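# Notes for the structure review
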Amino acid sequence: MSSVVPDLTPAGPLVVPERAERTLPNGLHVIAIRRSSIPLVELRLRVPFARADLAQGGLLAGTLFAGTDEMDIYAITTELQAVGGGLAAGTDLDRLTVSGNCLVDGLDRLLELLALTLNGAAYPAGEVETEAERIADRISLARTQPGHLARVALLKRIYPGHPYEVQTPDPEQVRAVTREDLVALHAARVRPDGASLVLVGDVVPEKALDSVAQALSGWTPGAPDVSFPDLPALGGGPITLVDRPGSVQSCVRIALPGVSRNHPDHPALTLANLVFGGYFSSRLVGNIREDKGYTYSPHSGVEHSLAGSTIMISADVATEVTAPALLETLYELGRLAVLPPDTEELEQAREYALGSLRLGMATQAGIASLTSMLEGFGLDLDWLAGHCDRLAAVSLEEVAAAGARYFSPANAAIVILGEADVIEPSLKALAGVVRA
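Since the model is a prediction, treat every value here as computed from it, not as a measurement.

## Details of the packing of helix 3 (residues 107-120) against helix 8 (residues 205-216)
Between helix 3 and helix 8, the least distance of the axes is 9 Å, while the angle of their chain directions is 30°. Here helix 3 and helix 8 pass one another in a crossing that is right-handed. In this structure, helix 3 contributes Asp108, Leu111, Glu112, Leu114, Ala115 and Leu118 to the contact, and helix 8 contributes Ser211, Val212, Ala215 and Leu216. Looking at side-chain class alone, the contact of helix 3 with helix 8 contains seven nonpolar, one polar and two charged residues.

Laid out in structure tokens, this is it:
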């Protein structure tokens, strides 16, 4: 029996599934996509939520389906189970999201339950108090975790004075939220203006749009047009050192300016990031994990938000190798900026990027989440197909230029959380250090 592994089959163009779109009179944009692999329907609702109060927003999401004027939480749960479905909500700084699914023949009832909630969520006081304690406890626990503390410090370093600077409320702020606060926030911000609803499943797209129109046409518009300012300019400077007494590890966090998905450099930046640290075969992993053994899972990636895009680099290392790990990370940044990837590096990164996109489109849930995310940035599945073509066409010279433009260590904002008295002297040998 031969043990020779066959070559990969060349990837063809990304095939965009059949879909239909409609904007309802109340402003809700609806997209229905046919994917008949299994008899389910995935639902994603995205509502603009910029500048909503952090504590109130998180609690609103946690209690959105806790009852309406007509049904309590138990009745809603029972009805959802009857159609083989579920609904859940979450928030971040940019949006409120509702995710759910159900059996195909239960779609109309799922939409009816969603409409009841959007138009009449009651936020029962007892459920609000219980959820507030749960969220407050979760935040208190997160504040004991070094990864969370490092991210908090990094956000303060790179977004000073911007609404993105603080992304987690204090536990007491959550506990102080009342039912009346949530009712008022819902009335002001949970509105169809600028919102999008995505359905993916074994449906006839036009009929699915009709079902949405029938269920949600009564969802009242009237949300304010709220947005964030652009991100502050990001540049280099001294290392920000955050003391965590007794820590046996240091959390190394680095940020660099990125570009949006609409930017002409985005495809080249995507591949340059993969070469640097965006997947297991990257230079950073090969250096500080495989060769030096400094860390288990270093990673880099581009975080996209409505206000801008930022390259984020992270590695958790033993205290005694903090400075050497940082030195090697900065070395890899500089190496990418001056030494472009070779053809093999680039093609491996390209295959990974294209394969990941196709994998994300392999399920109903993946298509629904990708479509909803793109909608939030004013993009669609046609853009995604074009992105695949652009990734396939990016040249070695373009990736080299992106590496030089976006991965220069001179532009790196560095934050390190760890045993400050132990690691500060060696860090000062690399750069200036300021304690947060």
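There is more to say after this.
## Here we look at helix 4 (residues 125-142)
Helix length check: helix 4 (18 residues) gives 26 Å between terminal C-alpha atoms against 26 Å at 1.5 Å per residue, within 8%. Listing the buried residues of helix 4 in full gives Val128, Glu131, Ala132, Ile135, Ala136 and Ile139. The buried residues of helix 4 occupy an angular sector of 140° when the element is viewed end-on, so they sit on one face. With respect to the buried face of helix 4, the exposed residues turned more than 90 degrees away are Glu129, Thr130 and Leu141. Contact partners of the buried residues in helix 4: helix 1 (54-63), helix 6 (171-175) and helix 7 (179-189).

## As for the layout of surface pockets
Reported here for the largest pocket is a volume of approximately 820 Å³. Lining the largest pocket are 42 residues, and of these Leu54, Thr91, Asp92, Leu93 and Gln167 lie nearest its centre. Listing elements by their share of the lining of the largest pocket, those giving two or more residues are helix 1, helix 4, helix 5 (146-158), strand 9 (299-305) and strand 10 (308-318). Looking at the lining of the largest pocket residue by residue, the class counts come to 20 nonpolar, ten polar and twelve charged. Quantified by volume, the second largest pocket comes out at close to 530 Å³. Taken together, 23 residues make up the lining of the second largest pocket; nearest its centre are His266, Thr270, His304, Leu357 and His387. Of all the secondary-structure elements, those providing two or more residues to the lining of the second largest pocket are helix 9 (266-278), strand 9, helix 12 (343-360), helix 13 (364-376) and helix 14 (381-393). When its residues are assigned to classes, the lining of the second largest pocket shows eleven nonpolar, eleven polar and one charged.

## Brief notes about the nonpolar core
Where a protein is soluble and globular, its nonpolar side chains tend to be buried together. The biggest cluster of nonpolar side chains holds 60 residues, and the ones touching the most others in it are Leu271, Ile313, Leu326, Leu384, Phe407, Ile416 and Leu427. By residue number, the principal contributor to this core is helix 9, which donates seven residues. In this structure, Leu384 is in contact with Leu14, Leu357, Met361, Leu370 and Leu374, ignoring residues within four places of it in sequence. Ranked by size, the runner-up nonpolar core spans 54 residues in total, among them Leu24, Ala55, Leu110 and Ala132.

## A look at unusual backbone geometry
Positive phi, close to 65°, is recorded for Arg51, a residue that is not glycine. According to the relative accessible area criterion, Arg51 is partly exposed, its value standing at 48%. Positive phi, close to 50°, is recorded for Tyr123, a residue that is not glycine. Summarising the element assignment, Tyr123 is placed in the loop between helix 3 and helix 4. Given the relative accessible area of 0%, Tyr123 is considered buried.

## A few points about the pattern of salt bridges
Scanning all chains against the criterion turns up 26 salt bridges. Notably, a salt bridge pairs Glu21 with Arg19, separated by 3.6 Å at the nearest N-O pair. The exposure class assigned to Arg19 is partly exposed, which follows from its relative accessible area of 25%. With a closest N to O distance of 3.1 Å, Asp265 and Arg405 form a salt bridge. You can see Asp265 sitting in the loop between strand 8 (249-257) and helix 9 and its partner Arg405 sitting in helix 15 (residues 396-406), a full 140 residues away along the chain. A relative accessible area of 45% places Arg405 in the partly exposed class. By sharing partners, the salt bridges in this structure join Glu133, Asp137, Glu172 and Arg175 into a single network.

Conventions used here
Residues numbered from 1 in each chain as written. Predicted model: local features only at pLDDT ≥ 70, side-chain atom pairs only at ≥ 80, totals over all residues. Heavy atoms only, no water. Axes fitted to C-alpha atoms, helices over the stretch in contact; angles between N-to-C directions. Helix = DSSP H or I, 4+ residues; strand = E, 2+ residues; numbered from the N terminus. Left-handed = near helix turned anticlockwise from the far one by under 90°. Contact = heavy atoms within 4.5 Å. Nonpolar A, V, L, I, M, F, W, Y, C, P; charged D, E, K, R; others polar. Expected span 1.5 Å × (residues − 1). Buried < 20%, exposed > 50% of the residue type's maximum accessible area, 1.4 Å probe, protein only. Arc of directions from axis to C-beta. 1 Å grid on protein atoms, 1.4 Å probe; cavity = no way out; pocket = protein on both sides within 12 Å on 5 of 7 lines; lining within 4 Å. Points joined across faces, edges and corners; volume = space filled by probe spheres on them. Core = buried A, V, L, I, M, F, W, Y, C linked by side-chain atoms within 4.5 Å. Salt bridge = Lys/Arg side-chain N within 4 Å of Asp/Glu carboxyl O.

Shape descriptors only; they carry no functional weight alone.
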